[in-house]
Amino acid sequence: MSDKLPPRLADHPTVRKVLGRRTQRPGPLDADWLRRICLEAGADDVAFASVDNPDLASERDHVEGALPGAQSYISLVVKMNRDNVRSTARSVANQEFHRSGEIMNEAAHRITRALQDAGYRAINPSMSFPMEMDKFPGRIWVVAHKPVAVASGLGVMGIHRNVIHPKFGNFILLGTILVAAPVTSYGEPLDYSPCLECKLCVAACPVGAIGKNGEFDFVACSVHNYREFMGGFTDWAQTIADSEDAADFRSRVSDSENASMWQSLSFKANYKAAYCLAVCPAGEDVIEPYLEDRKGFVKLVLKPLQDKEETLYVLPDSDAKAHAEKRYPHKKVKVVDSGIRGRA
Ligand code: B12
Ligand code: SF4
């Protein structure tokens, strides 16, 4: 201790106890020990990156704000059960996203506890929600898990902008722990992309959010997929406010949509799609059925999602609206507001 303690503090039982034991300043984190802790806690893969990594410069201020003195990222992968994600039953696919997300948050919490017990400062930002909604509609996430996973060498982003793990494919969720210590060795980005450029994700997205060249229309994606949260929820509330009476409201919003919103608010938010992930054949554990019979794979995995009768949510005069109406005449296309101020 550098400063001499005032007698009242020095005589306190807690202080006497702590000063009486030998303290060891924790050194750099041993990468092998840390990897073992992470796998035992429930992660399916893990790698590390430095906050000084130039590929992650855009994250630096954000993570310094969340954990002053952060020095390293611990990037985590949790596998999802593939056929759940591929199912046309949204309740099955959504349950898989939510459960895998809980496994990630639980694993990250356990690892953070182990780091704390070993004398390190560390935090585990959420896998997804809750996020920093006072910043909405700006950057609401504390740390962007995708670039951290890519810089650590856990995978590469495919055409659909999701990280594809070389073995597990895109059937993964990501997490990141921030720790105020260096790790003895950091990962390197992969030297190839597991993405096959098959463009099945382009064909699968019902609102045309994924361009063949890797362009991503995140507004189209979030207006449809996030219909029951964030801006989608605000639009639902606006519709209540704008309705003349109950009959008018029920002519604008179907019973099924209201019940689905209730479900999202009561349990966890329903994603309306994720078809880009569902159809992706990339990854060593995933690719075999596609290699054996490509047409059969399309019929089994892509076609049922394309054929599904469902409502697609789009903004007025958008590319998403034109795409949905042209490609999916059997799906109902509903024009909505984004629920974000300043946007139609
Ligand atoms: C914001 C966000 C979204 C947004 C934007 C997606 C995006 N590409 O950025 C929307 C609502 C569209 C979205 C949708 C989905 N998401 Co999301 N999402 C995130 C979040 C919170 C941050 C993503 C991020 O880092 N973006 C910035 C950079 C890194 O992304 P980028 O692709 O390089 O660049 C794009 C964005 O910057 C976007 N953009 C530009 N300016 C702005 C401004 C705002 C306000 C927003 C929102 C976006 C945006 O346009 C860029 C060009 O494509 C992360 C969780 C986290 N904390 O990291 C999950 C995350 C990326 N999502 C994930 C998933 C699974 C999904 C969905 C499948 C959800 C679902 N179950 O249906 C879909 C897939 C859509 C897709 N093909 O990308 C996983 C991806 C796992 C993986 N294997 O990579 C993550 C990592 C969550 C997790 N913990 O695992 N998501
Ligand atoms: S579906 Fe095909 S093109 Fe799309 S990300 Fe997966 S491998 Fe790449």
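All of the points below concern the structure found in this document. (Residues numbered from 1 in each chain as written. Chains lettered and ligands numbered in written order. Predicted model: local features only at pLDDT ≥ 70, side-chain atom pairs only at ≥ 80, totals over all residues. Heavy atoms only, no water.)

## Regarding the packing of aromatic side chains
The full count for this structure, using the stated rule, is nine aromatic pairs. Taking 5.8 Å as the distance between ring centres and 35 degrees as the angle between the ring planes, the aromatic pair formed by Phe233 and Trp236 counts as tilted. One end of the pair, Phe233, and the other, Trp236, are both in helix 10 (residues 231-242), three residues apart, so they sit about a helical turn from each other. (Phe/Tyr/Trp six-rings, centres within 6.5 Å; stacked < 30°, edge-to-face > 60°. Helix = DSSP H or I, 4+ residues; strand = E, 2+ residues; numbered from the N terminus.)

## Description of the nonpolar core
A general feature of soluble globular proteins is that nonpolar side chains tend to end up buried together. Ranked by internal contacts, the top residues of the largest apolar core, which has 47 residues, are Ile74, Leu76 and Leu115. Going through the elements one at a time, helix 3 (31-40), strand 1 (45-50), strand 2 (72-79), helix 6 (90-117), strand 6 (172-179), helix 8 (200-204), helix 13 (275-279) and helix 15 (294-307) are the ones with two or more residues in this core. Sort the elements by how many residues they give to this core and helix 6 lands first, with six residues. If you look at the next biggest cluster of nonpolar residues, it comprises 18 residues, including Val207, Cys276, Cys280 and Val314. (Core = buried A, V, L, I, M, F, W, Y, C linked by side-chain atoms within 4.5 Å. Buried < 20%, exposed > 50% of the residue type's maximum accessible area, 1.4 Å probe, protein only.)

## A few points about the environment of Cys198
Relative to the helices and strands, Cys198 resides in the loop between strand 6 and helix 8. Linking Cys198 and Ile159, residues 39 residues apart in sequence, is a C-alpha distance of 9.2 Å. Those residues in contact with Cys198 that lie beyond four places of it in its chain are Pro281 and Tyr290. (Contact = heavy atoms within 4.5 Å.)

## Describing the site of ligand 2
The full set of residues close to ligand 2 is Ile159, His160, Ile164, Cys195, Leu196, Glu197, Cys198, Lys199, Cys201, Cys280, Pro281 and Ala282. Looking at the shell around ligand 2 residue by residue, the class counts come to nine nonpolar, one polar and two charged. (Near = heavy atom within 4 Å. Nonpolar A, V, L, I, M, F, W, Y, C, P; charged D, E, K, R; others polar.)

## A few points about the environment of Glu284
When you line up the elements, Glu284 lands in the loop between helix 13 and helix 14 (288-292). Distance from Glu284 to Lys167, taken between C-alpha atoms, is 4.5 Å for residues 117 residues apart in sequence. Non-local contacts of Glu284, meaning those with residues more than four positions away in its chain, are made with Pro166, Lys167 and Tyr192.

## Observations concerning the site of ligand 1
Near ligand 1 you find 30 residues, and of these His160, Arg161, Val163, Leu174 and Asn225 are the closest. Lys146 is positioned with one of its side-chain polar atoms (N or O) 3.0 Å from an oxygen atom of ligand 1. Between a nitrogen atom of ligand 1 and a main-chain N or O atom of Leu174, the distance comes to 2.7 Å. Of all elements in the fold, only helix 7 (145-152), strand 6, helix 9 (218-225) and helix 13 reach the threshold of two or more residues within the shell around ligand 1. In terms of residue count, the dominant contributor to the shell around ligand 1 is helix 9 (four residues). Residues belonging to the shell around ligand 1 are distributed by class as follows: 22 nonpolar, six polar and two charged. (Polar contact = N/O pair within 3.5 Å; in protein donor to acceptor, adjacent residues only side chain to side chain.)

## A look at the pairing of strand 2
Burial of strand 2 is extensive: seven of the eight residues sit out of reach of the surface. Relative to strand 2, strand 1 is paired through six bridges, and the arrangement is antiparallel. Paired with Ser50 across the strands is Ser72, a residue of strand 2. The pairing of strand 2 with strand 6 spans eight bridges and is antiparallel. Of the residues in strand 6, the one forming a bridge with Ser75 is Thr176. (Pairing = 2+ DSSP bridges.)

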